[in-house]
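Read off the chains here:
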Amino acid sequence: MNIRWLLPLLVVSLLPAQRKRAPRDPAAGRLITEFPVPDVPPLDVAAASQKAIEGVLKLQEDGSQWPYEGVYREDRGLLPVGYRVGGTAITIMGLVSSPGYRKHPERVAAVGRGIQFVVETLDHERMQAGFKGGYDVRGWGHIYALTCFLHLRDAKLVPDDMADGVAKKTRWLVETLCDSAIPTSGGWNYSRRAGYKSPKNRASTFMTAPALQALFHAKARGYEVPDRVVEEALTSLNRSRTKVGGYAYGSGPKNLNEVADADLRFMDLGGSSAARAAVCETTLMLAGRGDKQRHLKALQLFFTHWDDLAVRKSQRGTHIKPYGIAPYYFMFGHLYCAQAIEQVEDAA
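The following paragraphs examine the structure supplied in this document. Because the structure is a prediction, the values reported are computed rather than measured. (Residues numbered from 1 in each chain as written. Predicted model: local features only at pLDDT ≥ 70, side-chain atom pairs only at ≥ 80, totals over all residues. Heavy atoms only, no water.)

**Section: the packing of aromatic side chains**
Two numbers describe a pair of aromatic rings. These are the distance of the centres and the angle of the planes.
For step 1, the next point in the chain: In the structure shown here, the tally under the stated rule is 16 aromatic pairs.
For step 2, the next point in the chain: Taking 5.3 Å as the distance between ring centres and 70 degrees as the angle between the ring planes, the aromatic pair formed by Y135 and Y190 counts as edge-to-face. One end of the pair, Y135, is in the loop between α4 (105-121) and α5 (138-154); the other, Y190, is in the loop between α6 (163-179) and β1 (203-204), with 55 residues separating them in the sequence.
For step 3, the next point in the chain: Assessed through its relative accessible area of 25%, Y135 is described here as partly exposed.
For step 4, the next point in the chain: We classify Y190 as buried; its relative accessible area is 7%.
For step 5, the next point in the chain: A ring pair is formed by F206 and F332, whose centres lie 6.1 Å apart and whose planes are at 80 degrees; its orientation type is edge-to-face. Placement of F206 in helix α7 (residues 205-220) and of F332 in helix α12 (residues 329-343) is noted, with a sequence separation of 126 residues between them.
For step 6, the next point in the chain: Among the residues examined, F332 registers a relative accessible area of 12% and is labelled buried.
For step 7, the next point in the chain: The rings of Y68, Y72, Y83, Y135, W140, Y144, Y190, F206, Y249, Y329, F332 and Y336 are connected pair by pair, giving a single aromatic cluster.
For step 8, the next point in the chain: Stacked on the ring of W172, the Lys or Arg K169 has its end atom at 5.4 Å from the ring centre. (Phe/Tyr/Trp six-rings, centres within 6.5 Å; stacked < 30°, edge-to-face > 60°. Helix = DSSP H or I, 4+ residues; strand = E, 2+ residues; numbered from the N terminus. Buried < 20%, exposed > 50% of the residue type's maximum accessible area, 1.4 Å probe, protein only. Lys NZ or Arg CZ within 6 Å of the ring centre and 35° of its normal.)

**Quick look at unusual backbone geometry**
For step 1, the next point in the chain: Here F35 and P36 are connected by a cis peptide whose omega angle stands at -5 degrees.
For step 2, the next point in the chain: Summarising the element assignment, P36 is placed in the loop between α1 (8-12) and α2 (45-58).
For step 3, the next point in the chain: The peptide bond linking K321 to P322 adopts the cis configuration, its omega dihedral lying at 15 degrees.
For step 4, the next point in the chain: Positionally, P322 belongs in the loop between α11 (306-313) and α12.
For step 5, the next point in the chain: Backbone geometry places D75, a non-glycine residue, at a positive phi of 50 degrees.
For step 6, the next point in the chain: Counting through the fold element by element, D75 comes out in the loop between α2 and α3 (81-97).
For step 7, the next point in the chain: With a relative accessible area of 26%, D75 lands in the partly exposed category.

**Some remarks on the pattern of salt bridges**
For step 1, the next point in the chain: This model, assessed by the stated rule, comprises 16 salt bridges.
For step 2, the next point in the chain: Note that E69 and R73 form a salt bridge whose closest N and O atoms lie 2.7 Å from each other.
For step 3, the next point in the chain: Owing to a relative accessible area of 33%, E69 belongs among the partly exposed residues under this scheme.
For step 4, the next point in the chain: Judged by relative accessible area, which is 30%, R73 ranks as partly exposed. (Salt bridge = Lys/Arg side-chain N within 4 Å of Asp/Glu carboxyl O.)

**Comments concerning α3**
For step 1, the next point in the chain: An ideal rise of 1.5 Å per residue puts 24 Å on 17 residues; α3 measures up with 25 Å between its terminal C-alpha atoms.
For step 2, the next point in the chain: Burial runs high along α3: 17 of the 17 residues are buried. (Expected span 1.5 Å × (residues − 1).)

**Observations concerning the side chain of T283**
For step 1, the next point in the chain: Turning to its location among the elements, T283 is positioned in helix α9 (residues 277-286).
For step 2, the next point in the chain: Within the structure, T283 has its side chain in polar contact with the backbone oxygen of V279 (distance 2.6 Å).
For step 3, the next point in the chain: Those residues in contact with T283 that sit more than four places away from it in its chain are A209, L212, Q213, F216 and L237. (Polar contact = N/O pair within 3.5 Å; in protein donor to acceptor, adjacent residues only side chain to side chain. Contact = heavy atoms within 4.5 Å.)

Here's what the structure looks like:
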């Protein structure tokens, strides 16, 4: 299993807001306040990884979870269960992808507790197949729980006493993710104002791409994934690509392939898609529908607009101009840019 691109997850894992916060280390990474961001000396990857592992282990909350905390709440102000499951699954992948995992008992034990949390919490009513209201984030939990379980099973890292539960939940997650796709127009979205199964909903490009990757992995391991679900989702990604090589925030009925930035909504601009274009192009590459030049162009968007992402990382708010992207995009972009780089052929 090639897990090198998963290593950024270790750093992403430090982002969840926790109820019990450890005192801030004066030597911790500085807050970004200078733009463009100045170059810094090369990172000591081994030392930084070790420090990140120590920090992540301290941040495991009561109940053995590592929840992601955003601005959205559900059920009388509670942190969404989908964020709890998804954040924990992401953190597990970060911890197991870092060197020396099998020889680190504390890490192995923490991951085991995290796996148990994900398995048990998938039975929560808020994680069942379905959708509540016009905005529901359980799909994020389904995507990253499935991704996590598939990687763990490939690497034979599932504890023996949890193997049966993980196997059953993996199959259930494949079925649930397929069933939750937007009919006809394709893809997935946590915002479905037209109603859960209405084809009038737009697919979220940055949710659809990771969902497809999870299903590609599942199909490669023998799980049944309907061709229709994949075909419709890929088509939704294809039509959301803009003339500059970016990807719209949501995939509507109109094909945007020849639409220039000047004619797009601010949330669909090339700069807006700097953190999502790479995952969209990589997903199309994995499906056999990619293009090497488009793929490189998507990577270039990330580097061109890195400082814009850094600015947003250092601010509050979500869909504000000029690009309408949320602060978490900073780390999302790094993860999937790393994955995209792994797909680039080395020069002969």
